[in-house]
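One-letter residues, chain by chain:
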Amino acid sequence: LVLVVDFGAQYAQLIARRVREARVYSEIVPHTWTAEQILERKPAAVILSGGPSSVYAEGAPNVGAELFGSGVPTFGMCYGFQAMARALGGVVDHTNTREYGRTALAVSDTASTLFEGSPAQQTVWMSHGDAVVAAPDGFKVTASTAGTPVAAFEDDERRLYGVQHHPEVLHSEFGQRMLENFLYHAAGIKPEWTTENVVEEQVAAIREQVGGRRVICGLSGGVDSAVAAALVQRAVGDQLTCVFVDHGLLRKGEVEQVERDFVAATGVSLKTVDARARFLAALEGVSDPEQKRKIIGREFIRVFEQAEREILAEAAAEGEPVEFLVQGTLYPDVVESGGGAGTANIKSHHNVGGLPEDLQFKLIEPLRKLFKDEVRKVGAELGLPREIVQRQPFPGPGLGIRIVGEVTEERLELLRDADAIAREELTAAGLDDEIWQCPVVLLADVRSVGVQGDGRTYGHPIVLRPVSSEDAMTADWTRLPYEVLARISTRITNEVPGVNRVVLDATSKPPATIEWE
Ligand code: XMP
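Residues numbered from 1 in each chain as written. Predicted model: local features only at pLDDT ≥ 70, side-chain atom pairs only at ≥ 80, totals over all residues.

### Overview of the overall build of the protein
Piece 1. When helices and strands are tallied, the protein shows 14 helices and 21 strands.
Piece 2. Relative to the compact-globule value of 24 Å for 517 residues, the protein shows a C-alpha radius of gyration of 25 Å, a close match.
Piece 3. Principal axes of the C-alpha set define a box for the protein whose edges measure 70 × 65 × 40 Å.
Piece 4. Put simply, the protein has 517 residues, and 48% of those count as buried.
Piece 5. Contacts in the protein between residues at least 24 apart in sequence constitute 74% of all its contacts with a sequence separation of at least 6. (Helix = DSSP H or I, 4+ residues; strand = E, 2+ residues; numbered from the N terminus. Rg over C-alpha atoms; globule rule 2.2 N^0.38 Å. Buried ≥ 20, exposed ≤ 12 C-beta atoms within 10 Å, placed from the backbone. Contact = placed C-beta atoms within 7 Å.)

### Comments concerning the UniProt feature "active site" (unreviewed entry) in the protein
Piece 1. Feature annotation in UniProt assigns "active site" (unreviewed entry) to the following positions: Cys-78, His-166 and Glu-168. Of the residues just listed, which span 91 residues, no C-alpha pair is farther apart than 10.8 Å, and they cluster in one region.
Piece 2. Within the element layout of this structure, Cys-78 appears in the loop between strand 4 (74-77) and helix 3 (79-87).
Piece 3. By the C-beta count within 10 Å, which is 26 here, Cys-78 ends up buried.
Piece 4. Not counting residues within four places of it along the chain, the set of residues in contact with Cys-78 comprises Gly-50, Ser-127, His-128, Gln-164, His-165 and His-166.
Piece 5. Mapped onto the elements of the fold, Glu-168 is located in the loop between strand 9 (160-163) and helix 4 (175-186).
Piece 6. Glu-168 has contacts with Tyr-11, Leu-14, Ile-15, Arg-18 and Gly-175, leaving out every residue within four places of it along the chain. (UniProt positions renumbered as here; feature names shortened; annotations may be inferred.)

### Here we look at the sheet that holds strand 14 (residues 362-364)
Piece 1. Read from one edge of the open sheet, five strands run 12-11-10-13-14, paired in parallel fashion. Edge positions in the sheet fall to strand 12 (269-274) and strand 14, since each of these pairs with one other strand and no more. Each strand axis lies, on average, 30° off the axis of its neighbour in the sheet, ignoring direction.
Piece 2. In terms of strand pairing, strand 13 (residues 322-326) meets strand 14 through three bridges, oriented parallel. Of the residues in strand 14, the one forming a bridge with Leu-325 is Leu-363.
Piece 3. Across the face of the sheet, helix 6 (residues 223-236) comes into contact with strand 10 (214-219), strand 11 (240-246), strand 13 and strand 14 while running at roughly 160° to strand 10. (Pairing = 2+ DSSP bridges. Axes fitted to C-alpha atoms, helices over the stretch in contact; angles between N-to-C directions.)

### Remarks on unusual backbone geometry
Piece 1. The residue after Lys-509, namely Pro-510, is reached through a cis peptide bond having omega -10°.
Piece 2. Checked against the element boundaries, Pro-510 lands in the segment after strand 21 (499-504).
Piece 3. Along the chain, Pro-510 connects to Pro-511 via a cis peptide bond; the corresponding omega equals 10°.
Piece 4. Inspection of the secondary structure puts Pro-511 in the segment after strand 21.
Piece 5. Even without glycine at this site, Arg-23 takes up a positive phi of about 65°.
Piece 6. In this structure, Arg-23 sits in the loop between helix 1 (11-21) and strand 2 (26-30).
Piece 7. For Arg-23, a count of 17 C-beta atoms within 10 Å corresponds to the partly exposed category.

### Some words on the sheet that holds strand 2
Piece 1. Taken in spatial order, the nine strands line up as 2-1-3-4-9-8-7-5-6 in an open sheet, and their pairing is mixed. At either margin of the open sheet sits one strand with a lone partner, and together these are strand 2 and strand 6 (121-134). Averaged over all adjacent pairs, the angle separating strand axes in this sheet is 20°, with direction ignored.
Piece 2. The pairing of strand 7 (residues 140-144) with strand 8 (residues 152-155) spans three bridges and is classified as antiparallel. Of the residues in strand 8, the one forming a bridge with Lys-140 is Glu-154.
Piece 3. On the sheet, helix 1 packs against strand 1 (2-6), strand 2 and strand 3 (45-48) and is oriented at approximately 160° with respect to strand 2.

### Description of the pairing of strand 16 (residues 440-443)
Piece 1. With two bridges joining them, strand 15 (residues 403-404) and strand 16 adopt parallel strand pairing. Note that in strand 16 the partner of Ile-403 across the bridge is Leu-442.

### Regarding the domain arrangement of the protein
Put simply, an interface is often sized by how much accessible area is lost when its parts join up.
Piece 1. Per the domain assignment, the segments making up the protein are domain 1 (2-186), domain 2 (195-389) and domain 3 (408-504).
Piece 2. The C-alpha centroid of domain 3 is placed 28 Å from the C-alpha centroid of domain 2.
Piece 3. Across the contact, eight residues belong to domain 2 and eight residues belong to domain 3.
Piece 4. Of the residues in the side of domain 2 that touches domain 3, the class split is four nonpolar, one polar and three charged. (Domains from an automatic or database assignment. Nonpolar A, V, L, I, M, F, W, Y, C, P; charged D, E, K, R; others polar.)

### Remarks on the packing of helix 6 against helix 11 (residues 372-381)
Piece 1. The interhelical angle for the contact between helix 6 and helix 11, taken along N-to-C directions, is 45°, at an axis separation of 9 Å. Viewed along their axes, helix 6 and helix 11 adopt a mutual orientation that is oblique. Of the two possible hands of crossing, helix 6 and helix 11 adopt the one that is left-handed. Between helix 6 and helix 11, the residues in contact are Val-223, Asp-224, Ala-226, Val-227 and Ala-230 and Val-375, Arg-376, Val-378 and Gly-379, respectively.
Piece 2. Of the residues in the contact of helix 6 with helix 11, the class split is six nonpolar, one polar and two charged. (Parallel < 35°, antiparallel > 145°, perpendicular 65-115°, else oblique. Left-handed = near helix turned anticlockwise from the far one by under 90°.)

### Remarks on the nonpolar core
Piece 1. Within the largest apolar cluster, 142 residues are counted, with the highest numbers of intra-cluster contacts made by Val-215, Cys-217, Val-227, Val-232 and Ala-418.
Piece 2. With 10 residues, the single largest contributor to this core is helix 6.
Piece 3. Excluding anything up to four places from it in sequence, Val-227 contacts Gly-328, Leu-367, Val-375, Val-378, Gly-379, Leu-382 and Leu-384. (Core = buried A, V, L, I, M, F, W, Y, C linked by C-beta atoms within 7 Å.)

This is the structure we're talking about:
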């Protein structure tokens, strides 16, 4: 186990993923943890992430100096590097040179533990105002940049390492190599963590938790719930009943896809509940995004409880209560919903923040520690078909949060048609692997003037939001070819009545999020 201490920016998740890419299991812990709490988990190594603070700022986060004397191999990056330097008697100063983005790094010791196997001149990703100007006693300085005299240091004896740059960012050319040097050589960890282990471990854990009792699982049509359900099915077989709530906020053809493909692949028993009218009624008159999310999350659970009663009635002969509910919650959902202290609650992901307090089930969340790409691997491992495993992420609240404004059946119908066209054209152009996902958003509260045929129109815009991402934590807008954009735009305005304009969202995340709500 490697613990990544989160100093409050979003770097910690990326670091945790990179560690796992090196086939070493990692978890993120908040910076409010004391050194004692960290050491209690018996980590094989600790990584201190970057963060937005200055080590001089009042209340600047820190880990107790005991950590540095514990002998547990520790690697500080950016803020974590400065915090380590300061705690051990080095000097951190406000320098006048802010370094941001790609920066040339001069390595003075390419035989050092961290730089072993990488060149003397390399490009790294920097993002800092303060800098370490003097390393603490006992440390060897191994690199510098034009603006930072001490850009990396290490002390093999105390097993402490640090760099000013961000090795976890892809723009740091030898970042992964450096991380592996730390994990394999400094900490002596073997790369043994794989998705097969995850399946074995989770199957055993689920069996243990569930025993002979019954479980229900909500399928959303997405990758996460499908993989979670397949895992539970593998663990407890017929004790699992899947419930698929058709909340009416799904995309075209999705209900059929779940009913057909998923059942064929897993053989689970599936009950589809048609709750379309109920969700529409609950959402009537509601435009506020957070309110919509809360309502959808709440209704979802209520429908499950009803389905549970029905399943129980049907299985009256067996008479066993359903005690567990499976959720496909992922690690980033947990962290983004404020799961780590010092991390802002950006949105209430409906399967984390939006659950009602009087929930009647115990939760089984077998993917709670996994990132999306890992979930896909687990799904493939479980034999799920490609169409399910490689699906674009689709939010639990569905099209409900892709209509800016009130959700109505008419608007859903319109958005479904526009979305189907966009998906069709992206697939036809062979772009599915290039984009992470492409939300199609209806600006229902906005109208603009157009001209079609001989007449004036006063219709709604559709927004295309194609993004490239590795984990949805950060994303860039995908530069789709103009011809593809043109085809989508022409088809949507021709084929979807009520839409007279198609616009492209050219914003990265941050500052925007991927979804509009
Ligand atoms: P944002 O909009 O936060 O989205 O940049 C990040 C990723 O999460 C998906 N998303 C959700 N998934 N329940 C989910 O299961 C939700 O409430 C939810 N909200 C956003 C979004 O599609 C993107 O992939």
